[in-house]
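In case you want the letters, here they are:
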Protein chains: 2
Amino acid sequence: MPTISDVARKAGLSVSTVSRVINKKPHVSQQKETLVKAAMKELGYKPMPAARQLRGTKAKNLAVTVPRITNPFFADLINVIERTLDSKGYTIILIQTFGRKDKELDALKLLTNQTIDGVILCSIENDAPVIQEYSKYGSIVLVNEYLGELDLPTIRANQYQGFKEATGFLIQRGYKNIAYATGHKNIIVTKKEGTNLNSNRFSGFQAALREAKMSFDPKMLFTHVQTRDAGLKLFNKLFKENKMPDAIISGSDEVAVGIMEGAKEVGVEVPKRLGVLGIDDQSLSRDLFIPLTTVRQPVEEMGAAAAKAMLQHLEDKDVVENKVFNLDLVVRESV
Amino acid sequence: MPTISDVARKAGLSVSTVSRVINKKPHVSQQKETLVKAAMKELGYKPMPAARQLRGTKAKNLAVTVPRITNPFFADLINVIERTLDSKGYTIILIQTFGRKDKELDALKLLTNQTIDGVILCSIENDAPVIQEYSKYGSIVLVNEYLGELDLPTIRANQYQGFKEATGFLIQRGYKNIAYATGHKNIIVTKKEGTNLNSNRFSGFQAALREAKMSFDPKMLFTHVQTRDAGLKLFNKLFKENKMPDAIISGSDEVAVGIMEGAKEVGVEVPKRLGVLGIDDQSLSRDLFIPLTTVRQPVEEMGAAAAKAMLQHLEDKDVVENKVFNLDLVVRESV
DNA sequence: CTTTTATTTTGAATCGTTTTCAAGAAAATA
DNA sequence: TATTTTCTTGAAAACGATTCAAAATAAAAG
């Protein structure tokens, strides 16, 4: 592959001049400019990113972390993000965390050696201080998940509102004993608004119960449920132990499918004997054997906003976008 | 961020010695080695990839191209690929081509300036010669799609066999007028085995018809159908023009869903009045309102094989793995 | 025409590594 | 002990770009 010196030689000029035309810097005559451009074209010259980076040029690489890409919600998110950032000349590096702190750290660490200019975190595995620490090495934006303590550009949905409304709807439909399943490891409930996705969802849920003067049996809280299979297992456990609630709020559409599948197998009617609420509104959710009632997350919008926030923050560290989208309930037939 | 010289200074040694311990080269005493390691730990030193690359070290980056990641088939593929390559210390760069030649070229071009060591192509947009050309700059492996003329490591499924069997099954079920929809732009039918996914599928389809002494109406061939929406549109067109076949082989599960959705809306019974065959066997396909009969692609296996083929080829350019998996029909209720 | 000023062009230093080469120290051989 | 061989170490030259300061050239002013 040709180097900048090859170009210079062919053009009969110095490397500095060539560099200047590459970078569109002033102080180069029309004449020489065309000379250089011709030489570059002829040799098929492309500057080597590694060499430029060494001199301090931005890498134009960004990392995106997701728990796992096979969850269509995250695939959709990545899709928009990749599209809009690619159009601005950025290359994106995909990192699946599988919920592991170390994987997320790997991504963050890429900031320190200038491999990437920024990271978009679609989930959060590490604690606030450690993430914040890395923000001095590059731009970090949060999308979907969020942490109140983090002073970073954040694009999120109003989980509190969404879950309050959805739960209210369940109550209105007459469900009395509502179970709550989530993919997260634990739920830290805080009074403060905007703390994190997880607790905001749960407190929205509780707020609705409270308003209806209903109480929640802590035994009906299930964590670590994040796949179709886990949903199926949860249903079977409930069924076997004879502790069936009359509705379940599941942490994702995938989980909801697992639950409905379990119900079908043993003949528990949905939504009559068991209401099942999904979260996400994946594209196939409306085509399921029981079209899913679910809380729609505005993925496209959130992804686009996240990409934009990243671009802005790369441009100017002082603008920390903070956007929150409303969630809406898509009523179909599972509730 | 600390540099190698900082480490050297702190350890009271030269950069060369530090470099030697970083790269586990011989000729450094136990004593100094521990000294260096201590200094590295204390400073939290990490070698800068850009600088190493400049000196010719491999980047340990790989690109993966897919038409679009929102298709679960490709998401699954990427998932396995990322997992296995990540475990070997490779970082993966995601590139969505959306069927565009230039996007694929962008990926290939990353090879020339050593940004990446190799590319895994999950689809093929450019012509064989242009792709082959880039193989001199790094490793290229094909997975899923393939091109007979390309002399590259290739992991694929036996589309001919799969489609012949699936079509045979349709015929056996009594379907007589079978339409064929594909996401591809055109179908070049060649007699030669192993030419490309597209034509192999189609010739498998035709072989089955031939054996049954049935003929195919070229008007029943539809290209450019690759989304749920396109499937729906296709159905509506067929319905409106009163040209409804009695079965449709669709290029993907997504398309099949669109078709079945259209059928449901106007009351065309599936599978009684219209058989619908999907391809892929996405995870939700069994949970649809009509569980889909589909040709299962062994995604996990193919992805893993592709990653392995890449690793081997990076190691030794002479080993060009060429693996073909069998496809099997998953019979559910749409046919 | 000089002299001054502004513009274009170049040479050389630099970024953080790896690697070659030579020098010095230690070990092995005679 | 003198000599050769083997190990350790460090100084300096790359790698391919950018950039600063200085030199060369052109334009403007006197």
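Each remark here, short or long, concerns the structure printed above.
Residues numbered from 1 in each chain as written. Chains lettered and ligands numbered in written order. Predicted model: local features only at pLDDT ≥ 70, side-chain atom pairs only at ≥ 80, totals over all residues. Heavy atoms only, no water.

Engineer: Would you take a moment to explain the relation of the copies chain A and chain B for this structure?
Structural biologist: Here chain A sits on chain B after a turn of 180° about the axis and a move of 0.0 Å along it, with an RMSD of 0.1 Å. The transformation relating the two chain copies, once decomposed into turn and shift, fits a two-fold axis. An overlap of 100% is found between the interface residues of chain A and their copies at the interface of chain B, pointing to a shared contact surface. (Least-squares fit on C-alpha atoms with pLDDT ≥ 70 in both. Contact = heavy atoms within 4.5 Å.)

Engineer: Would you explain the protein's contact with DNA strand D in this entry?
Structural biologist: Neighbouring DNA strand D are 25 residues; A:I4, A:K25, B:T17, B:K32 and B:R55 lie closest to it. For DNA strand D, the fraction of protein-proximal atoms (within 4 Å) that sit in sugar or phosphate groups is 62%. Between a phosphate oxygen of DNA strand D and a side-chain N or O atom of A:S19, the distance comes to 2.8 Å. Between DNA strand D and B:S14 there is a distance of 3.0 Å, counted from a phosphate oxygen to a backbone nitrogen or oxygen. (Near = heavy atom within 4 Å. Polar contact = N/O pair within 3.5 Å; in protein donor to acceptor, adjacent residues only side chain to side chain.)

Engineer: Where do I start with the protein's contact with DNA strand C in this structure?
Structural biologist: Of all residues adjacent to DNA strand C, which total 25 residues, the nearest are A:T17, A:R20, A:R55, B:I4 and B:K25. Here a phosphate oxygen of DNA strand C and a backbone polar atom of A:S14 are 3.1 Å apart. Contact distances for DNA strand C include 3.1 Å between a base oxygen and a side-chain N or O atom of A:S16. Secondary structure elements with two or more residues in the surface near DNA strand C: α2 (15–22) of chain A together with α2 (15–22) and α4 (49–54) of chain B. Residues belonging to the surface near DNA strand C are distributed by class as follows: nine nonpolar, nine polar and seven charged. (Helix = DSSP H or I, 4+ residues; strand = E, 2+ residues; numbered from the N terminus. Nonpolar A, V, L, I, M, F, W, Y, C, P; charged D, E, K, R; others polar.)

Engineer: Sorry, what's going on with the environment of B:Q114 here?
Structural biologist: Within the secondary structure, B:Q114 sits in the loop between α6 (101–112) and β3 (118–121). In the structure, B:Q114 is positioned 93 residues away from B:V21 in sequence and 25 Å away in space, judged by C-alpha atoms. The residues contacting B:Q114, other than those within four sequence positions of it, are A:M48, B:Q53 and B:A59.

Engineer: Would you take a moment to explain the side chain of A:S250 for this structure?
Structural biologist: Structurally, the position occupied by A:S250 is in the loop between β8 (247–249) and α11 (253–266). A distance of 2.7 Å separates the side chain of A:S250 from the backbone oxygen of A:L277, its partner in a polar contact.

Engineer: Would you explain the packing of aromatic side chains in this entry?
Structural biologist: Each aromatic ring pair is specified by the distance between its two centres and by the angle formed by the two planes. Residue and element names in this part refer to chain A. Counted by the stated rule, this structure contains 18 aromatic pairs over all chains. The interplanar angle of 55° and the centroid separation of 6.3 Å between the aromatic rings of F163 and Y180 together place this pair among those described as tilted. Of this pair, F163 sits in helix α8 (residues 159–172) while Y180 sits in strand β6 (residues 178–181); the two residues are 17 residues apart in sequence, bridging distant segments of the chain. Y180 matches F163 in its accessibility class, with the two residues each being buried. An aromatic cluster is defined as three or more aromatic residues linked by ring pairs; in this entry it consists of F163, Y180, F202, F205 and F216. (Phe/Tyr/Trp six-rings, centres within 6.5 Å; stacked < 30°, edge-to-face > 60°. Buried < 20%, exposed > 50% of the residue type's maximum accessible area, 1.4 Å probe, protein only.)

Engineer: How do you make sense of the pattern of salt bridges when you look at a structure like this?
Structural biologist: Side chains carrying opposite charge are able to pair once their charged atoms draw close together. Inspection of the entire model under this criterion finds 35 salt bridges over all chains. Ionic pairing is found between A:K103 and B:D86, a salt bridge with its closest N-O pair at 2.6 Å. Here A:K103 is found in helix α6 (residues 101–112), whereas its partner B:D86 is found in helix α5 (residues 72–86) on a different chain. For A:K103, a relative accessible area of 13% gives the class buried. Residue class for B:D86 comes out partly exposed when judged on its relative accessible area of 25%. The salt bridge partner of A:E261 is A:K264, with a shortest N-O separation of 3.9 Å. With A:E261 and A:K264 both in helix α11 and three residues apart, the pair spans about one turn of that helix. Take A:K264: its relative accessible area is 41%, and that puts it in the partly exposed class. Here the salt bridges do not stand alone but share partners, grouping A:K237, A:E241 and A:K243 into one network. (Salt bridge = Lys/Arg side-chain N within 4 Å of Asp/Glu carboxyl O.)

Engineer: Even after reading the chapter, I still don't get the interface of chain A and chain B, so can you show me in this structure?
Structural biologist: For an interface, size is often stated in terms of accessible area lost upon the parts coming together. If you look at the interface, chain A gives 39 residues, while chain B gives 39 residues. Roughly 3,700 Å² of surface becomes buried between chain A and chain B when both sides are summed, with 62% attributable to carbon and sulfur atoms. Seen at the junction of chain A and chain B, the total is twelve residue pairs in polar contact (both at pLDDT 80 or more). Elements represented by at least two residues in the side of chain A that touches chain B include exactly α4 (49–54), α5 (72–86), β2 (91–96), α6 and α11 of chain A. With seven residues, α5(A) is the single largest residue contributor to the side of chain A that touches chain B. Class assignment for the residues of the side of chain A that touches chain B results in 20 nonpolar, ten polar and nine charged. Of the strand pairs in this sheet, β2(A) and strand β2 (residues 91–96) of chain B are connected by three bridges, and their pairing is antiparallel. Residue A:L94 lies in a different strand from β2(B), and its bridge partner there is B:I92. (Buried area = accessible area lost by both parts, 1.4 Å probe. Pairing = 2+ DSSP bridges.)

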